[in-house]
Amino acid sequence: MKHLMTGNEAAARGAFEAGLKVGSAYPGTPSTEIFENLPQYREHVYCEWAPNEKVATEVAYGASIAGVRSMTAMKHVGVNVAADPIFTATYNGVGGGFVIVSADDPDMHSSQNEQDNRYYAKFAKMPLIEPSDSQECKDFIKEAFALSERFDLPVLFRMTTRICHSKSLVEFCEREEHEPAPYKRDVAKFVCTPANAKRHRPMLEAKLAELEKYSNQSPLNTEEINGTKIGVITASIAYQYAKEVFPADTSFLKLGMTYPLPMEKIKAFSKKVDKLYIVEELEPFMEEQIKAAGIECIGKELISNQYEQNPQRLNEEIYGQKPATVKVDSVAVPRPPALCPGCPHRGFFYTMSKRKDFVICGDIGCYTLGCAAPLNAMDSVVCMGGGFSVAHGMAKAFEAMGDNGHKVFGVLGDSTFFHSGMTGAAEILYNRSHVIPCVLDNSITGMTGQQDNPGSGENLLGEPAPTIRIEDVLKSFGYQNIFIVDPQDLTAMQKAVDDALSSEDPAAIITRRPCLLIKKIKHERGLCRVDADKCRACKLCLKAGCPAVFMEDGKAKIDAQLCVGCKVCAQICPFGAIE
Amino acid sequence: MTKNIILVGVGGQGAILVSKVLTAGLVKAGYDVKMSEVHGMAQRGGSVSTQVRYGDKVYSPIIGLGQADILVAFEKMEAVRYAEYLKPDGVAIINDHAIVPMSVAAGQATYPEGTIEAMQNAFSCLVVDASRIAQSIGNARCQNIVLFGAMTKILGLEEIDWVEILKETLAPKILEINLLAFNKGREVEA
């Protein structure tokens, strides 16, 4: 029986079949569902959400050192966070098979950049595996574990949004257990002193040379000879697009292992065809190496390195064929994402939006959406956990410029606080800036689809877990005035901001109300309604930026399907027209 | 021959559930099926699209402009936004329902007039008052399955027993109302 499943589900299944014993990850689109699909195998696999990607990688690597097969998974920018342990793990080598899944996001569907993480394989010197559909996600990840053990290296398993989130048919196999040898301390291998690192350095090069030999024979790299005129070397999702665009007599060299490249195989393939194309999404990762090896080919001259590919776009780039489309005589206005109706933290951003002298350094996640009109309550968003530290930097710059007019706030969510925001909170205190750190605590990791974190009281397996209280952390650092407030109460919210601003001692704000999308909590729901007689069409209620509130026939109106009765708009209305 | 369907709407309208039912039926009927959906930031009240492709052998899980045989729009302005994806002889199935984006609610933009007429001038269209039909049977949220019911008539594929598929895919507590919604959708005259 075949199962229609996403690449993420299939990768989880493959890791289970491969005998995975320990997995640790931090959620991030498009990788999240890999680990959401591991608890179903809990009888065989220990899995968890770690506070961040670096911790997750270290946990999985630790398990590998202890001897078991282990895995971590993260979105592409998560690998930046995890880079430190990865670059040492390649020098040291592994115990049990160790697979690092990077889920890249070409087109930035849900990301701040579209970095091509294949370069990490070359940079950190580890093998790179790229599946092109769900079946390969399952099968190739098993091969990745085997390779990791055979070559004593971590393996980078690179997926992309369309691999992670598209469904195709998958056939299952049984799980194969891999019983580890009893643990024995190995200082020379796993303690990264300079002396050991120096010894590891040439060993790593030797491993890569062996890997290249393997790559030339790997069953993951396959030739499909259909003709001699055109040859295409391709990998990952680009293979699927190329199969639809090039004519039937095109020969393919489809690569599942893309670092080290099977250069001998590539040379041999290039001799079998008159014209060679390299079809890859994003950067010319393969093409640069193939051209450097002196092989003539066509790639980025035609195929853009920006945004994601699709068959129609590739057809246009290769053959110049524009698709036949019909123009519709109407124009859709943009519909950007917004904070959900009833998002408990709308009240925070509404309160912040009223002051022009506030500088607000935001963070990754739902709260990035505080930047959107009409709230417009954000000056910068850089990276996970960056809210506090960027705010500190701005505050120091204002000090240096003698600018006393700006009040600087750092804003992040509970999950981001535990991810890498705590260090920024320490920085603000240690180096004395007048930044007010604000943690918007919705008791969950929201944007990625409600995953638990150290502050939420449960773990990935849905078991009760110790709750680390944000206020206890801040207090232990030395924040003396911590204002904990329900952001949906606009009066209390305003008071918390005013009190924090006037505090002589270091102050912080925690706005606390759980995300409405958390299913295990019974949320009180109501419905707000506009009394049309009382409404004077002042449009102040629209300033809340709630998708449920709009104007119709000159009066405010509330969409009954969207409204959850948070009453933020009702508190804003100066005429008491909303009840 | 691969058939391409693109389902578009606003995050939360239930396009993913429809594509789940649709693909379950297609798999059962023995087709090779691929489907692509969006998660994360893209879901938060924004414009969303899900693509389903089926045939003897399907390679790409996504399509580009001018490649869709059927466009199913859960919201009428979204039909206009994704119209470029339709083949010139493709069919649009449109929910006659507007969801006002923030920019319009805030008075910074105007919701376009005549979206359905513009679509009808360009393509063969089936307009379904799915939201009103769903409300009339007592649950506005079922508009997605009303639309799905209407869509199954355009699809052909008479060999697939969609009622059976709905029974297999939907949770028991929402099954009855959705079967009703499906049948109401089937009754819509093309």
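What counts and what doesn't
Residues numbered from 1 in each chain as written. Chains lettered and ligands numbered in written order. Predicted model: local features only at pLDDT ≥ 70, side-chain atom pairs only at ≥ 80, totals over all residues. Heavy atoms only, no water. Helix = DSSP H or I, 4+ residues; strand = E, 2+ residues; numbered from the N terminus. Rg over C-alpha atoms; globule rule 2.2 N^0.38 Å. Areas by Shrake-Rupley, 256 points an atom, 1.4 Å probe, with all protein chains shown as cover. Buried < 20%, exposed > 50% of the residue type's maximum accessible area, 1.4 Å probe, protein only. Lys, Arg positive; Asp, Glu negative; His and termini not counted. Charge placed at Lys NZ, Arg CZ, Asp CG, Glu CD. Domains from an automatic or database assignment. Contact = heavy atoms within 4.5 Å. Salt bridge = Lys/Arg side-chain N within 4 Å of Asp/Glu carboxyl O. Polar contact = N/O pair within 3.5 Å; in protein donor to acceptor, adjacent residues only side chain to side chain. Nonpolar A, V, L, I, M, F, W, Y, C, P; charged D, E, K, R; others polar. Pairing = 2+ DSSP bridges. Axes fitted to C-alpha atoms, helices over the stretch in contact; angles between N-to-C directions. Parallel < 35°, antiparallel > 145°, perpendicular 65-115°, else oblique. Left-handed = near helix turned anticlockwise from the far one by under 90°. Phe/Tyr/Trp six-rings, centres within 6.5 Å; stacked < 30°, edge-to-face > 60°. Lys NZ or Arg CZ within 6 Å of the ring centre and 35° of its normal. Core = buried A, V, L, I, M, F, W, Y, C linked by side-chain atoms within 4.5 Å.

**Side note on the overall build of chain B**
No. 1: A tally of helices and strands in chain B yields eight helices and six strands.
No. 2: Put simply, chain B runs from its N terminus to its C terminus through helices and strands in the order β-α-β-β-β-α-β-α-α-β-α-α-α-α.
No. 3: A compact globule built from 190 residues would reach a C-alpha radius of gyration of about 16 Å, and chain B, at 16 Å, matches this within 12%.
No. 4: Dimensions along the principal axes, computed over C-alpha positions, put chain B at roughly 50 × 40 × 35 Å.
No. 5: Element-wise, carbon and sulfur atoms account for 49% of the exposed surface of chain B, whose accessible area totals about 7,100 Å².

**Considerations on the overall build of chain A**
No. 1: Along its length, chain A carries 19 helices and 20 strands.
No. 2: The C-alpha atoms of chain A give a radius of gyration of 27 Å, which matches the 25 Å a tight globule of 579 residues would have.
No. 3: Along the longest, intermediate and shortest principal axes, the C-alpha atoms of chain A span 80 × 65 × 55 Å.
No. 4: When each of the 579 residues of chain A is scored for burial, the buried share is 59%.
No. 5: Working note: accessible area of chain A is about 23,300 Å², and carbon and sulfur atoms make up 53% of it.
No. 6: Of the charged side chains in chain A, 63 are positive and 73 negative; the average position of the first set lies 1 Å away from that of the second.

**As for the domain arrangement of chain A**
No. 1: Domain boundaries assigned for chain A yield domain 1 (2–217), domain 2 (221–319), domain 3 (345–512) and domain 4 (524–579).
No. 2: Each of domain 2 of chain A and domain 3 of chain A has a C-alpha centre, and these two points are 47 Å apart.

**Considerations on the interface of chain A and chain B**
No. 1: Taken residue by residue, the interface counts 57 residues in chain A and 58 residues in chain B.
No. 2: Our count for the contact surface shared by chain A and chain B stands at three salt bridges.
No. 3: In this structure, Arg 335 of chain A and Glu 78 of chain B form a salt bridge, with 2.5 Å as the shortest nitrogen-oxygen distance.
No. 4: Between the two partners, chain A and chain B, sit 12 residue pairs in polar contact (both at pLDDT 80 or more).
No. 5: Counting residues per element, the ones that place at least two in the side of chain A that touches chain B are β8 (166–171), α10 (236–245), α13 (311–319) and β19 (549–552) of chain A.
No. 6: Of the residues in the side of chain A that touches chain B, the class split is 30 nonpolar, 17 polar and 10 charged.
No. 7: Here β8 of chain A pairs with strand β2 (residues 32–36) of chain B via two bridges, running antiparallel. Paired with Ser 166 of chain A across the strands is Ser 36 of chain B, a residue of β2 of chain B.

**Some thoughts on the side chain of Glu 114 of chain A**
All names here are of chain A.
No. 1: On the secondary structure map, Glu 114 appears in the loop between β5 (98–104) and α5 (118–124).
No. 2: Here Glu 114 sits buried without a salt bridge, and the closest side chain of opposite charge, Arg 313, lies 7.4 Å off (N-O distance).
No. 3: One polar contact links the side chain of Glu 114 to the main-chain amide nitrogen of Tyr 307, over a distance of 2.7 Å.
No. 4: The contact partners of Glu 114, leaving out residues within four places of it in the chain, are His 76, Asp 105, Pro 106, Asp 107, Met 108, Leu 282, Asn 305, Gln 306, Tyr 307 and Glu 308.

**A word on the pairing of strand β7 (residues 155–160) of chain A**
Residues and elements named next belong to chain A.
No. 1: Along β7, six of the six residues are buried, which leaves the element largely enclosed by surrounding structure.
No. 2: Across the two faces of β7 the burial is the same, with Val 155, Phe 157 and Met 159 and Leu 156, Arg 158 and Thr 160 all buried.
No. 3: Pairing between β5 and β7: six bridges, direction parallel. Residue pairing across strands places Ile 100 opposite Leu 156, the latter belonging to β7.

**Quick word on helix α1 (residues 7–17) of chain A**
No. 1: By the criterion of burial, α1 of chain A is predominantly enclosed, with 10 of the 11 residues buried.
No. 2: Just past α1 of chain A, the residue Gly 19 of chain A takes up positive phi, approximately 90°.

**Let's talk about the packing of helix α14 (residues 346–353) of chain A against helix α18 (residues 490–502) of chain A**
The angle between the axes and the distance between the axes are what describe a pair of packed helices.
Residue and element names in this part refer to chain A.
No. 1: Two elements in contact, α14 and α18, have axes whose closest approach is 10 Å; the angle formed by their N-to-C orientations is 55°. With respect to α18, the element α14 is oriented oblique. At the point where α14 passes α18, the crossing takes the right-handed sense. Taking contact as the criterion, the partners of Gly 347, Phe 348, Tyr 350, Thr 351 and Met 352 in α14 are, on α18, Leu 490, Met 493, Gln 494 and Val 497.
No. 2: In terms of residue class, the contact of α14 with α18 is made up of six nonpolar, three polar and no charged.

**A word on the sheet that holds strand β15 (residues 407–413) of chain A**
All names here are of chain A.
No. 1: Taken together, five strands build an open sheet; the order of strands is β14-β15-β16-β18-β17 and the sheet is parallel. Here the strands that pair on one side only, and so sit at the sheet edges, are β14 (358–361) and β17 (481–485). For this sheet the average axis-to-axis angle between neighbouring strands, irrespective of direction, equals 20°.
No. 2: Bridge analysis of β17 against strand β18 (residues 507–512) gives five bridges, and the strand direction is parallel. Bridging across to β18, Phe 483 finds its partner in Ile 509.
No. 3: Across the sheet, helix α15 (residues 386–400) is in contact with β14, β15 and β16 (436–441); its angle to β15 comes to roughly 170°.

**Considering the packing of aromatic side chains**
Within a pair of aromatic rings, the relevant descriptors are the distance that separates the centres and the angle that separates the planes.
No. 1: Enumeration over the complete set of coordinates arrives at 20 aromatic pairs over all chains.
No. 2: Judged by centre distance (6.3 Å) and plane angle (70°), the rings of Tyr 61 of chain A and Phe 190 of chain A are edge-to-face. Here Tyr 61 of chain A, found in helix α3 (residues 53–66), pairs with Phe 190 of chain A, found in helix α8 (residues 187–190); they are 129 residues apart in sequence, far enough to count as distant.
No. 3: A connected cluster of aromatic rings, assembled from ring pairs, spans Tyr 61, Phe 98 and Phe 190 of chain A.
No. 4: Lying across the ring of Phe 172 of chain A, Arg 13 of chain A places its NZ or CZ 4.2 Å from the centre.
No. 5: The lysine or arginine in question, Lys 57 of chain B, covers the ring of Tyr 59 of chain B, its NZ or CZ lying 5.1 Å from the ring centre.

**Section: the nonpolar core**
Residues and elements named next belong to chain A.
No. 1: In terms of nonpolar packing, the biggest core is built from 95 residues, with Phe 35, Met 71, Phe 246 and Ile 290 touching the most fellow members.
No. 2: Looking at this core element by element, the count peaks at seven residues for helix α6 (residues 134–151).
No. 3: Counting contributing residues, this core receives three or more from each of domain 1 (2–217) and domain 2 (221–319).
No. 4: Excluding residues that lie within four positions of it along the chain, Phe 35 makes contacts with Gly 23, Ser 24, Ala 25, Cys 47, Glu 48, Trp 49, Met 71, Thr 72, Ala 73 and Leu 460.

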